[in-house]
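# Tertiary structure, described
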2 protein chains.
Amino acid sequence: MDIEQFRRAGHEAIDRICEYYYTLQDRPVTARVEPGYLRRALPSEAPQTGENFDLITQDYEKYIMPGLTLWHHPSFFAYFPTGSTFEAVLGDLYSGSVPNPGFNWSASPASTELETVVMDWAAKMLGLDSSFRNCANVGGGVIQTTASEAALVAVVAARSRYTKQHPDVSSEKLLIYITTQTHSLGKKAGLVLGLNVRALEVTVEDNFALRGDTLRRALEDDCAAGLHPFILIGTVGTTSSGAVDCLGEIGLVLEDYPFIWLHVDAAWAGIAMVCPEYRDVCALGDINKYGDSFCTNFHKWGLVNFDCSGFWVRDRASLIDALDVTPEFLRTKHGDAGTVIDYRNWHFGLGRKFRSLKLWFVLRSFGVEGFQRYIRETVKLGNMFASLIRESTEFALVTPPSLALTVFRLEPRASPPVPLAKLNELNRVFYARVSARSDIAFTQTDLSGTFCVRMAVGATRTSEDHVKHAYEILCLEGKAALEEWQCATGEVQ
Amino acid sequence: MDIEQFRRAGHEAIDRICEYYYTLQDRPVTARVEPGYLRRALPSEAPQTGENFDLITQDYEKYIMPGLTLWHHPSFFAYFPTGSTFEAVLGDLYSGSVPNPGFNWSASPASTELETVVMDWAAKMLGLDSSFRNCANVGGGVIQTTASEAALVAVVAARSRYTKQHPDVSSEKLLIYITTQTHSLGKKAGLVLGLNVRALEVTVEDNFALRGDTLRRALEDDCAAGLHPFILIGTVGTTSSGAVDCLGEIGLVLEDYPFIWLHVDAAWAGIAMVCPEYRDVCALGDINKYGDSFCTNFHKWGLVNFDCSGFWVRDRASLIDALDVTPEFLRTKHGDAGTVIDYRNWHFGLGRKFRSLKLWFVLRSFGVEGFQRYIRETVKLGNMFASLIRESTEFALVTPPSLALTVFRLEPRASPPVPLAKLNELNRVFYARVSARSDIAFTQTDLSGTFCVRMAVGATRTSEDHVKHAYEILCLEGKAALEEWQCATGEVQ
């Protein structure tokens, strides 16, 4: 493809994307395809000779589009939102036009420098303490691919710091602390690193937040048993219910265990700290006081397209000590002099994308106020939905709403109340009905044996009407599920 | 930014990129900026209110462009090439317009399905055995971010398989085998996973390729010492000199140690297997016979923009056994039924980009013949350069050229020959002069104490003229370096 062919195909791509966004609302949210649909449709090998690009983009419309789940659809309420803005798309487009693996400063100075600058902008915008900023040359921020990678990096840095201080401890005795509500990244870190993980209990009474007492008891038990907890992954905004661990209590306990690293995973909720009124609920003061590292994903609630996971550490030396490998062919004048950041020592890979560009574009185009407006609007919509649930006679909240996340279930009022097992049965029927629809998307979850449904607002195009419509659909399917379930089980309310 | 603003900014971005590529050749290859240039130029915090997008893109031109190293410049011969094609840029643009984290099949069926299809296309195109393909449901291919991540995943899978078979072995006794020429990914895997690494010796006489005898001796020694080597990372095309480990010999030795996993890292060279005439030099037959996993980066020599690292395993169960974490909120009908691939269990993160789209675009637009043409052209240019070095009186090859990579040094003919230490001194002066230029880029390396310079061809716009011009610059700088060195040391040839 020569330059003029690219110009034509590029303009056409932009126009197609515009057309797509004009019709987004009318498209199905979830794909209605069966496993294997694409393998059956496509040839079994690459073409021998090159094909015309028009044909390729036609096939994109024909075969790929129908198989996409539209996370940016205004009626997508499943999982967590995924960032989707035109500014980020353009940032990636410019970045893709000057591809470089940016593994050290010299490999592309702008790539490294912009990342250090915008991660400081973001830190300040979220209210993170100045010790987390790059400009002080002690801590600093870096963009990781995912919160899972960020947590894994934190665990590696924590393990390295801990074993340097405790050289005689074998890795079998090391312990990663998470809670039963921690994202799968906690268990995965254990799997990947071959380390033991202990999931601390959290209770429905505490809204699934880790308490200091639970942590202290675990520490006393484990230390007495000769085990060595070296990191706690705390969460601000758990996936299932948006729970926020009691970081203040946790921090006080950890003052007695100064070798333990506190990583705060706020993958989804952290962005809300852009609004002063949500800083307390996100425990910002405690993060600043006690956190060794912090992660929030701009590619979730932060208006930036995947991947753009913000990760900050208070002591970059712990990270670099754990990850630095510098063979001769990677040595550079500035790297040797220590005057620049070589981000390859801040993550697992060597090469890395120029991802700060999209973050820069978005931060500048929206400004702090644009971020605040967006967060407030989605929380408002989340609250509106929670109110509808609260006022309904068919549904009930399972936990208090958390920012823009509501966890609820179908719960017909009855006396005596319907037992949990039966309610779970009913809600599985209900969720199966809801998830069979292609005009809306929710996610199931399980909270200590209670099967429930999550509703997370976040798509930039979601309005009050979409939320009301979602609720109407839920009422409809709830009613049908109740009938279906009563029919099948003989239950009568 | 609304849809029409995006249309305008998008068309403008495409036009800017066209303009950029028209002038690429006249731009400096390496950035002429000093550390901190961008922090000094940009504000210290994000703007409070959103800014006009025109201003942002003007600042991109003004501040970012001058700080970029242009890896796709026709006179860039440093490190290894980084893939850069318009087709890949467009693939990323379309993919960015429908952002989704694609962690399981349901999260976006097209994303998973296209990846399984194109990774099979790529496997077939490269000549990989059918056991590495997804369609057989035993092995399969997945796109990782980097070869470092691929190697790390391989080590984790290998460790998991090994420790299941040897449950009593403590992790302190486990050993990763690499060679002294293995990419930093080998040592980094050890650092990340907290495992011991042994770098086996390779010699200049063997052109820095690992021999079977060296491996056998190491195995005998380590096993006798109670250690447990569980993976060998072999390389096809080392970074420093393009060495290819003797996989046939290695495979025969490993037949006596069936628990050891053989991962073949062919990050750069592997793409050359698209040409039948380079399959032997890349040891394809042995990879197919002995390899447990294989990696080659499409984002290096494979015409696809970063990141797109192809990773294939022969037994996907080993991978999934090692990495599967499935909480309730990630359970899906198809996942539970086992009828689909959930790629989240094939890598470290949860979310993943829809990267197969750009690979599909490139594979179709170039076709197998387009890939072959490109590889052959760059090898031809590499050979041309190697011939110029071979015929010169100032320079000498340090190792035999490997595909499109030539390793050479300044080596004035003298009797008696200049001792190594002095030659190294001279070549450091020479390389310092070359790397001070902004119109060309090379990389230094060190081969068993010999300081040398690498020249890798790969940018799609590089022609014979660029290679000849590069050689002329080297001659000029070589002459000047010789004079500078003679002046400084009093050496006279």
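Please refer to the structure placed before this passage.
All of the points below concern the structure found in this document. A quick note: this is a predicted structure, and the numbers were derived from the prediction, not measured. (Residues numbered from 1 in each chain as written. Chains lettered and ligands numbered in written order. Predicted model: local features only at pLDDT ≥ 70, side-chain atom pairs only at ≥ 80, totals over all residues. Heavy atoms only, no water.)

## Observations regarding the sheet that holds strand 3 (residues 196-200) of chain A
Residue and element names in this part refer to chain A. Heads up, the condition is: The pairing criterion is simple: DSSP has to find at least two bridges between the two strands. We count a stretch as a helix when DSSP gives it H or I for four or more residues in a row; a strand needs E for two or more, and each element gets its number in order from the N terminus. Convention adopted: a line fitted to C-alpha atoms gives each axis, helices being fitted over their contacting stretch, and angles between N-to-C directions are expressed from 0 to 180 degrees.
Taken in spatial order, the seven strands make up an open sheet running 1-7-6-5-4-2-3, and their pairing is mixed. For this open sheet the edge positions go to strand 1 (140-144) and strand 3, each flanked by a neighbour on one side alone. Each strand axis lies, on average, 20 degrees off the axis of its neighbour in the sheet, ignoring direction. Direction of pairing for strand 2 (residues 174-179) relative to strand 4 (residues 228-235): parallel, over a ladder of four bridges. Bridging from a neighbouring strand, Leu175 pairs with Pro229 of strand 4.

## Some remarks on unusual backbone geometry
Rule in force here: The cut-offs for exposure are 20% and 50% of the maximum accessible area for each residue type, with area from a 1.4 Å probe on protein chains only; residues under the lower value are buried, those over the upper are exposed, and the others partly exposed.
Of the consecutive residues Phe306 of chain B and Asp307 of chain B, the connecting peptide bond is found in the cis state with omega at 0 degrees. Position of Asp307 of chain B relative to the elements: it lies in the loop between helix 11 (298-301) and strand 7 (309-313). In the Ramachandran plot, Leu303 of chain A falls in the positive-phi region, its phi being about 70 degrees despite a non-glycine side chain. Relative to the elements of secondary structure, Leu303 of chain A occurs in the loop between helix 11 (298-301) and strand 7 (309-313). Owing to a relative accessible area of 1%, Leu303 of chain A belongs among the buried residues under this scheme.

## Description of the interface of chain A and chain B
We count it as follows: In this description, contact between two residues means that some pair of their heavy atoms is separated by no more than 4.5 Å. Accessible area, probed at 1.4 Å, shrinks when two parts are joined; the buried area is that loss added up over both. The term salt bridge refers to a side-chain nitrogen of Lys or Arg lying within 4 Å of a carboxyl oxygen of Asp or Glu. Under this definition, polar contacts are N or O atom pairs within 3.5 Å; protein pairs additionally need one hydrogen-donor-capable and one acceptor-capable atom, and for neighbouring residues in sequence, both atoms have to be side-chain atoms. Gly counts as polar in this scheme, as do all residues outside two lists: the nonpolar Ala, Val, Leu, Ile, Met, Phe, Trp, Tyr, Cys and Pro, and the charged Asp, Glu, Lys and Arg.
Each partner contributes residues to the interface: chain A has 145 residues there, and chain B has 145 residues. Summing both partners gives a buried area of about 12700 Å² for chain A against chain B, and 65% of it is carried by carbon and sulfur. Seen at the junction of chain A and chain B, the total is twelve salt bridges. Residue Glu45 of chain B pairs with Lys124 of chain A through a salt bridge whose shortest N-O separation is 3.7 Å. The interface formed by chain A and chain B includes 65 residue pairs in polar contact (both at pLDDT 80 or more). Per-element tally for the side of chain A that touches chain B: the top contributor is helix 1 (residues 3-22) of chain A, with 17 residues. Taken together, the residues of the side of chain A that touches chain B break down into 68 nonpolar, 45 polar and 32 charged.

## Quick notes on helix 15 (residues 420-435) of chain A
All names here are of chain A. Put simply, the rule reads: For a helix, the expected span equals 1.5 Å multiplied by the residue count minus one. The arc refers to the directions leading from the helix axis to the C-beta atoms.
The end-to-end C-alpha distance of helix 15, which contains 16 residues, comes to 22 Å, matching closely the 22 Å that a straight helix rising 1.5 Å per residue would cover. Residues Leu423, Asn424, Leu426, Asn427, Phe430, Tyr431 and Val434 constitute the buried set of helix 15. Looking straight down helix 15, one finds that the buried residues subtend no more than 165 degrees of arc, so they occupy a single side.

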